[in-house]
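Per-entry structural report
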Amino acid sequence: MLVEDDPSLRYIVQSGLEDIIEGKSLWMLYDFTKGDGGYINIRRRDNDTDPITGYKVEYVRWTKPAPTGFRGVVSDEGLLRSWLWSLIDGERLPDPLSCWEEFDVNDYFGRLVFRFLDEEKDER
């Protein structure tokens, strides 16, 4: 379990990101509680039909009255590192890139819950 005031957190997150970049891991999720809280999820984008290697990034801040969420693809590993450090050191999420999609967080998680409940019914 990671806690935000753990002095080794930056190195643990850095190691997680390096494992993704090197292909040792497929994804990482950093959940934070400062401010309104939220998460950032970084996932490898290995697709044989697309020669561009990149990383799918999704982040959510649990703002009130409605949470804000963005997702997109990043190929610049330095940018990913910079974003994570800004989040850990300064509690700042990245500004979304112009090509990123803003999504309705409540709707997204609501659909996930209903899909899970539907699958659970089918198994009975």
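Note: the structure precedes this text.
A short tour of the structure in this document, coming up.

The rules behind these values
- Residues numbered from 1 in each chain as written.
- Predicted model: local features only at pLDDT ≥ 70, side-chain atom pairs only at ≥ 80, totals over all residues.
- Heavy atoms only, no water.
- Helix = DSSP H or I, 4+ residues; strand = E, 2+ residues; numbered from the N terminus.
- Buried < 20%, exposed > 50% of the residue type's maximum accessible area, 1.4 Å probe, protein only.
- Contact = heavy atoms within 4.5 Å.
- Areas by Shrake-Rupley, 256 points an atom, 1.4 Å probe, with all protein chains shown as cover.
- Core = buried A, V, L, I, M, F, W, Y, C linked by side-chain atoms within 4.5 Å.
- Patch = residues over 30% accessible without salt bridge, like charges linked within 9 Å, V, L, I, M, F, W, Y side chains within 5 Å.
- Salt bridge = Lys/Arg side-chain N within 4 Å of Asp/Glu carboxyl O.

This part takes up the overall build of the chain. Assigned secondary structure in the chain consists of 3 helices and 5 strands. Sequence-ordered secondary structure for the chain, helices as α and strands as β, is α-β-β-β-β-α-β-α. Burial analysis of the chain (124 residues in total) assigns 33% to the buried set. Long-range pairs, those at least 24 residues apart, make up 46% of the contacts in the chain between residues at least 6 apart in sequence. Here the chain displays about 8300 Å² of accessible surface, and carbon together with sulfur accounts for 50% of that area.

Moving on to the nonpolar core. Ranked by internal contacts, the top residues of the largest apolar core, which has 22 residues, are I40, I42, V57, L80 and L84. When contributions to this core are tallied by element, the ones reaching two or more residues are α1 (9–21), β1 (27–32), β2 (38–45), β3 (54–61), β4 (68–74) and α2 (77–90). Here this core takes 6 residues from α2, the largest share from any one element. Here I42 is in contact with L17, I20, L26, W27, M28, Y55, K56, V57, L80 and L84, once residues within four sequence places are set aside.

A few words on a nonpolar patch on the surface. Taken together, the side chains of V113, F114, F116 and L117 make up a nonpolar region of the molecular surface, amounting to roughly 410 Å² of accessible area. Positionally, F114 belongs in helix α3 (residues 105–123). Among the residues examined, F114 registers a relative accessible area of 57% and is labelled exposed.

Read these as spatial facts, not as claims about activity.
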